[in-house]
Amino acid sequence: MTLRADGEVCCHSSFGTALARAGPRYFEVELLSGGVQQLGWVRLEGFQSSEQQGDGVGDDLHSWAMDGCRGCCWHQGEAVPYGPMEGEGWQKGDVVGCAVRYSE
């Protein structure tokens with residue numbers, strides 16, 4: 001992952017991360033491939049990821065994610081359906097936005 005001076009985050013790994021402070025925050029991601037991808041937010045205090053086990057954003061108590069391929073929201077490793085069925089969701093080239101407002 002690369003965080004450029006203009007604030008753009010470039011990531012080509014399984015678990016790209018950028019730090020955000022308290023307040024309203026928003027980011028957009030252009031999907032470079034199709035398939036399962038979870039995008040969202042984590043709290044730094046206590047968040048644990050494991051690329052070997054496939055655990056990332058949405059898979060623990062300290063993170064929340066949207067999964068447009070499977071049409072689910074994720075938190076604590078549990079999925080809650082919200083929208084399109086598999087195969088009708090995010091595709092390569094889609095631009096996905098994610099917003100949050102939080103306080104420390």
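This part covers the overall build of the protein chain. Each helix and strand counted, the protein chain has 0 helices and 8 strands in total. Reading the protein chain from its N terminus to its C terminus gives the helix and strand order β-β-β-β-β-β-β-β. Relative to its 104 residues, the protein chain shows a buried fraction of 22%. For the protein chain, long-range pairs separated by at least 24 residues make up 42% of all intrachain contacts whose partners lie at least 6 apart in sequence.

In this section: the environment of Gly58. Relative to the helices and strands, Gly58 is located in the loop between strand E4 (38-42) and strand E5 (63-67). With a relative accessible area of 0%, Gly58 lands in the buried category. Separated by 16 residues in the primary sequence, Gly58 and Val42 place their C-alpha atoms 7.9 Å from one another. Beyond its immediate sequence surroundings of up to four residues, Gly58 is in contact with Gln38, Ser63, Trp64, Ala65, Trp74, His75, Gln76 and Gly77.

Tracing the backbone shows Cys73 in strand E6 (residues 72-75). In sequence terms Cys73 and Gln38 are 35 residues apart; their C-alpha atoms lie 8.7 Å from each other. Not counting the four nearest positions on each side in its chain, Cys73 is found in contact with Ala65, Met66, Glu78, Ala79, Val80 and Tyr82.

Across the protein chain, the average pLDDT comes to 77, with 74% of residues at 70 or higher. The lowest-confidence element of the protein chain is strand E1 (residues 2-3), averaging 46 in pLDDT; the highest-confidence one is strand E7 (residues 78-81), averaging 92.

This brings us to the sheet that holds E7. Strand order across the open sheet formed by 4 strands is E4-E5-E6-E7, with antiparallel pairing between neighbours. Pairing within the sheet leaves two strands with one partner each, and these edge strands are E4 and E7. With strand direction ignored, the average angle separating the axes of adjacent strands in the sheet is 20°. Bridge analysis of E4 against E5 gives 5 bridges, and the strand direction is antiparallel. Bridge pairing in E5 places Trp41 opposite Trp64.

Reading the values: rules and limits
Residues numbered from 1 in each chain as written. Predicted model: local features only at pLDDT ≥ 70, side-chain atom pairs only at ≥ 80, totals over all residues. Heavy atoms only, no water. Helix = DSSP H or I, 4+ residues; strand = E, 2+ residues; numbered from the N terminus. Buried < 20%, exposed > 50% of the residue type's maximum accessible area, 1.4 Å probe, protein only. Contact = heavy atoms within 4.5 Å. pLDDT = per-residue confidence, 0-100. Pairing = 2+ DSSP bridges. Axes fitted to C-alpha atoms, helices over the stretch in contact; angles between N-to-C directions.

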